[in-house]
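# Inside the fold
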Amino acid sequence: MPKRVLVVDDDPTQRRILEETIKQFGYNVEAVDSGGSALVALKADSAGDICLILLDLFMPDTDGMAVLSAMRSMPRKPPAIVQTAHGSIDAAIGAMRAGAVDFVVKPVSPERLEVSIKNALKIEALAGEITRMKASANGDLGLADIIAGAEAMQRVIKLGKRAAGSNIPVVIEGEPGVGKELIARAIHGEGDRKSKPFVTVSCGVVPARQIESILFGNARDKRAGKFVEADGGTLFLDEISALSLDVQAKLLRALTDGEIKPVGATQPMYVDVRLIATTNQNLIGLVQEHRFREDLYYKLNVFPVWVPPLRQRLEDAPELIRNFSARFAAEEGKRIDGLDAEATFMLQRYSWPGNIRQLENAVFRAVVLADTPMLTVNEFPQIAAHVEGYAVTVPPAPAPKDPTPRIDGPVMLGKSADSPATIHVPSSEGKDALGIPALMDSGDIRSLEAVEADMIRLAFGRYRGRMTEIAKRLGIGRSTLYRKMREIGLEARTN
Ligand SMILES: Nc1ncnc2c1ncn2[C@@H]1O[C@H](COP(=O)(O)OP(=O)(O)OP(=O)(O)O)[C@@H](O)[C@H]1O
Ligand SMILES: [Mg+2]
């Protein structure tokens, strides 16, 4: 069953109005007439599909408060919005204390209800992201927690699952920042060793003369090495190609017989360690150059996992961006609703040489820079500078005409301004993707003037500053367009 909103109200007229209104917002709805039926739905097998509950507080028998308190002990519960009667502030406070995420006063306006539902669902998404981060820190991260919708990534997840069920060494190959360590942690978190240590060594960072005693220990200063530390668990060797041939030989012995010899020791020791290594070099190429041992290569290469670069799985970018922006918005204490269509389009045309780490950093900067809830091209200046046809100028700020923060569109530079660029408009573009809100934060509708200004900025970016085209699309004359643009402080640079 698809995700749905559960409406709980004993008044049949109210129930029908709410059902219709919420359907119009684009959600599926299930409506029930009592607290008792709500609890049945929340405990049913299909309860996982309830993404939100809209709950009337005053109902006979099991009332809204009783439902909220029963929900407390449920392992997975949807966010709840309660409806209260006019003037019953105490009831609203009580419901919020009992775990409701918001309350609306009856009769609720469709606008207020939509804002409340959207916010509640956003809080839910954020909670999911926080769970994922906590899981990663505790070693509970599994392969299902990794964002991997793209087909190329599904292969990685499948391989990872098979690897998790065994103890053979794994090599994870991929460009910098593609998520090699995250995948290694997930393989560890998915297998039998998950409650045991996950010990990491950055082979490329540790000085060459210390690496042997760091890995295998040192009998003279009685230092246990990382192999001993990882006993029973996983040893993660980051950038394994940085190891010298000599250390590679010792690593091979440890992998083959479980035998390690601390520096200066006379007797070997035995450890039970699962090895996961990474490299962003082509190992077979290094074997040919005699910089990597062939026997070790074959020992490790039983389970090669290649993680594709981000540019080959850009379909995962929107979800990654949603997760990162939810996390950084929470950290920065800001409200971020998402990315507008123009920015989504622009980011998907960049090649991301630094992969997911670079995307994560770019989103972080964008969230810090943002002064509207919708991220635009202007918040990604470094990326825009590298995408053909984009550059950002921030026009001198005119005095704002309404409390709505400004959204500035991208401005074309130089001669490409008159090149007839073909603009691909993402097909999934809904009203959210346009990034032109109809309401202010207060829930009141915005003035036509403010919405018009946003429309002009959007058209300006969409048609790359081609004034004739913009005027035609907006259905106004060119001179009117120039005037309106000047009024909102937007100017094309054509030199
Ligand atoms: N699929 C994903 N979903 C969510 N976050 C991801 C994903 N892949 C990578 N990340 C995040 O991107 C960042 C880089 O990932 P990670 O450190 O695992 O990459 P790496 O391949 O080990 O990089 P390097 O080669 O530079 O060591 C991390 O913050 C990680 O949490
Ligand atoms: Mg790494």
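Just so you know, these numbers come straight off a predicted model, no measurement behind them. (Residues numbered from 1 in each chain as written. Chains lettered and ligands numbered in written order. Predicted model: local features only at pLDDT ≥ 70, side-chain atom pairs only at ≥ 80, totals over all residues. Heavy atoms only, no water.)

## With respect to the pattern of salt bridges
To be explicit about the condition: Here, a salt bridge means any Lys or Arg side-chain nitrogen found within 4 Å of an Asp or Glu carboxyl oxygen. Under the scheme used here, helices are H or I runs from DSSP no shorter than 4 residues and strands are E runs no shorter than 2 residues, and both carry numbers assigned from the N terminus. Relative accessibility decides the category of a residue: with a 1.4 Å probe and only protein chains considered, values under 20% of the type maximum give buried, values over 50% give exposed, and everything between is partly exposed.
Under the defined criterion, the tally for this structure stands at 19 salt bridges. For the salt bridge of Glu 360 with Arg 327, the shortest nitrogen-to-oxygen distance reads 2.5 Å. Taken as a pair, Glu 360 in helix 15 (residues 355–369) and Arg 327 in helix 13 (residues 317–332) lie far apart in primary sequence, 33 residues in all. What makes Glu 360 partly exposed here is its relative accessible area of 22%. Overall, Arg 327 belongs to the buried group, its relative accessible area being 14%. Close ionic contact of Arg 473 with Glu 469 constitutes a salt bridge, the shortest N to O distance being 3.2 Å. With Arg 473 and Glu 469 both in helix 19 (residues 467–474), this residue pair falls four residues apart, about one helical turn.

## What about the site of ligand 1?
Selection rule: Any residue with a heavy atom lying within 4 Å of a molecule or strand is counted as near it. Within 3.5 Å is the distance limit for a polar contact, defined as a pair of N or O atoms, with the added protein rule that one can donate a hydrogen and the other accept it, and that residues adjacent in sequence qualify only through two side-chain atoms. Residue-level accessible areas treat just the shown protein chains as cover; the underlying method is Shrake-Rupley with a 1.4 Å probe. Ten residues, namely Ala, Val, Leu, Ile, Met, Phe, Trp, Tyr, Cys and Pro, are considered nonpolar, four, namely Asp, Glu, Lys and Arg, are considered charged, and the remaining ones, Gly among them, are considered polar. Each domain's extent was defined by an automatic or database domain assignment.
Lining the immediate surroundings of ligand 1 are 15 residues, of which Gly 177, Lys 180, Leu 182, Arg 357 and Glu 360 lie closest. Lys 180 places a polar side-chain atom, nitrogen or oxygen, 2.6 Å from an oxygen atom of ligand 1. Backbone polar atom of Glu 181 to an oxygen atom of ligand 1: 3.1 Å apart, as the coordinates give it. Protein contacts shield 84% of the accessible area of ligand 1, which totals 630 Å² for the unbound molecule. Elements with a minimum of two residues in the shell around ligand 1: helix 7 (180–190), helix 13 and helix 15. Of the residues that constitute the shell around ligand 1, the class distribution is eight nonpolar, two polar and five charged. Per-domain counts for the shell around ligand 1 show at least three residues from each of domain 2 (148–308) and domain 3 (318–487).

## Remarks on the environment of Leu 474
The criterion, for reference: Contact definition: two residues touch when any of their heavy atoms are within 4.5 Å.
By secondary structure assignment, the location of Leu 474 is in helix 19. Given the relative accessible area of 25%, Leu 474 is considered partly exposed. For the pair Leu 474 and Ala 459, spaced 15 residues apart in sequence, the C-alpha separation works out to 7.7 Å. In this view, Leu 474 contacts Met 455, Ile 456, Ala 459 and Leu 481; residues no more than four positions away in its chain are not counted.

## Section: helix 7
Residues of helix 7 that are buried include every one of Lys 180, Ile 183, Ala 184, Ala 186, Ile 187, His 188 and Gly 189, and no others. As for helix 7, its buried residues are in contact with helix 6 (151–164), strand 6 (170–173), strand 7 (198–202), strand 8 (234–238) and strand 11 (274–279).

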